[in-house]
Amino acid sequence: MKKALRYTLVVLVVLAAVLTGAGYYMVDYALKPEGLVTRSRDIPSSLEYMHQTYPEVGNWIDSLQSVQALRDLYIENEEGTKLHALYVPAADSTGRTAVIVHGYTDNAVRMLMIGYLYSRRGYNILLPDLYGHGMSEGTEVQMGWKDRLDVLRWMDIANDIFGGDTRMVVHGISMGAATTMMVSGEEQQPYVKCFVEDCGYTSVRDQFSKELKEQFGLPAFPLLDAASWLCGLKYGW
C-alpha cells in the first residue's frame, strides 16, 4: 500500500512539473512572440511594408513626413511605462477624431492604412503603439486587458490635443478590436461617440484555445488553465 502511494505521489509530482513547465512555455510563446522583435519593433520594415502593400498610403505618409504632419507623442502610463503614439491633425480644424488600435505584434505604422481612410474624410487621427509594441516600452503582449487602460488615457490625450471638444470614434482591428471592446465596457467621456470592432476575439481564453488546437493539436484543459494561473503569478492578470 505504501509503495503504491509512493508511486502515485511520484507520478503526480512529475505530472505537476511537466504541466508547470509546459504552462510557462505557453505563456512565453503567446505573450513574448518572436514577432514583437522581428515585426512590431522594426519600424523601417513596417514603413516599407506600407509602401509596398498600399502605394497610395505610402505616398500619403511621405507627404505627411515632408511637412512634419506625422508626429510622435510620448506619455507615461500609471505604472511609469513610456508609451508612444503617432498622430496627424486634420487638414481643416475639426472635432472629428479617430483613435486607431493595432493588433497582435503590429504597431501604429501598420495601422496607417486605416488612418488614411479617416484622414481623407477630414478626421484627426491618433494611433497608439500598445504596451510592448512598436516604439512603446514593455516586454510582453497584454492581450488588450491592461491595454484598455492605456487606450483610455490616449483617448483623453487625443481629445486634449485636438481641441478639447472632439467627437471620437475608437477603431480596433484583431487584438486591437478586442481591446476596443474592453475599452467600451469602461465608463466613457461624453466625447466618445462610436466604437468599431473589426474581427476581435470573444475572449483571450477562446483565442488561445483555438491556437492550442490548431497549432499543437491540444485541448484547452489542463494546459491553458495552468498557463492562465502562471500568467497571473508572473504578470498579475
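A. Geometry of the overall build of the protein. Helix and strand content of the protein: 9 helices and 6 strands. On the principal axes, the C-alpha backbone points of the protein span a range of 85 × 40 × 30 Å. Across the 237 residues of the protein, 46% fall into the buried class. Taking the contacts inside the protein whose residues are at least 6 apart along the sequence as the reference set, 72% of them involve residues at least 24 apart. Split by element, the accessible area of the protein, about 12500 Å² in all, is 56% carbon and sulfur.

B. A look at the pairing of strand β2 (residues 82–88). Counted residue by residue, β2 has 6 buried out of 7 residues, so it is predominantly covered. Here strand β1 (residues 71–76) pairs with β2 via 6 bridges, running antiparallel. By the bridge assignment, L73 is partnered in β2 with A85. Between the end of β1 and the start of β2, which pair antiparallel, lie 5 residues, with G80 showing a positive phi angle near 85°. Relative to strand β4 (residues 124–129), β2 runs antiparallel, the two sharing 5 bridges. When the bridges of β4 are listed, L86 appears paired with L127.

C. Representation of the environment of P190 in the model. Position of P190 among the secondary structure elements: in the loop between α7 (175–184) and β6 (192–198). When the C-alpha positions of P190 and T166 are compared, they lie 9.2 Å apart, and in sequence the two are 24 residues distant.

D. Representation of the packing of aromatic side chains in the model. Applying the stated rule across the entire model yields 6 aromatic pairs. When the centroid spacing of 5.2 Å and the interplanar angle of 70° are considered together, the rings of Y118 and Y123 count as edge-to-face. Summarising the burial analysis for this pair, Y118 and Y123 share the class buried. Taken together, the ring pairs in this structure connect Y25, Y29 and F216 into an aromatic cluster. The ring centre of W145 lies 3.7 Å from the NZ or CZ of R148, which sits over that ring.

E. Molecular detail of helix α8 (residues 204–216). For α8, spanning 13 residues, the distance from its first C-alpha to its last is 17 Å, which sits close to the expected 18 Å at 1.5 Å a residue. Following α8 by one or two positions, G217 has its phi on the positive side, about 65°.

F. Up close: the packing of α8 against helix α9 (residues 223–235). Where α8 meets α9, the axes come as close as 11 Å, and the angle between the chain directions of the two elements is 130°. Comparing the axis directions of α8 and α9 gives the class oblique. Between α8 and α9 lies a crossing of right-handed hand. Contact residues: α8 offers R205, F208, S209 and L212, while α9 offers L223, L224 and D225.

G. Local environment of the sheet that holds β6. Strand order in the open sheet formed by 6 strands is β1-β2-β4-β3-β5-β6, with mixed pairing between adjacent strands. Each edge of the sheet is formed by a strand with only one pairing partner; in this case those strands are β1 and β6. Geometrically, the sheet is characterised by an average inter-axis angle of 20° between neighbouring strands, direction not taken into account. Where strand β5 (residues 167–173) meets β6, 6 bridges bridge the pair, whose relative direction is parallel. Bridging from a neighbouring strand, H171 pairs with V196 of β6.

Definitions and cut-offs
Residues numbered from 1 in each chain as written. Predicted model: local features only at pLDDT ≥ 70, side-chain atom pairs only at ≥ 80, totals over all residues. Heavy atoms only, no water. Helix = DSSP H or I, 4+ residues; strand = E, 2+ residues; numbered from the N terminus. Buried < 20%, exposed > 50% of the residue type's maximum accessible area, 1.4 Å probe, protein only. Contact = heavy atoms within 4.5 Å. Areas by Shrake-Rupley, 256 points an atom, 1.4 Å probe, with all protein chains shown as cover. Pairing = 2+ DSSP bridges. Phe/Tyr/Trp six-rings, centres within 6.5 Å; stacked < 30°, edge-to-face > 60°. Lys NZ or Arg CZ within 6 Å of the ring centre and 35° of its normal. Expected span 1.5 Å × (residues − 1). Axes fitted to C-alpha atoms, helices over the stretch in contact; angles between N-to-C directions. Parallel < 35°, antiparallel > 145°, perpendicular 65-115°, else oblique. Left-handed = near helix turned anticlockwise from the far one by under 90°.

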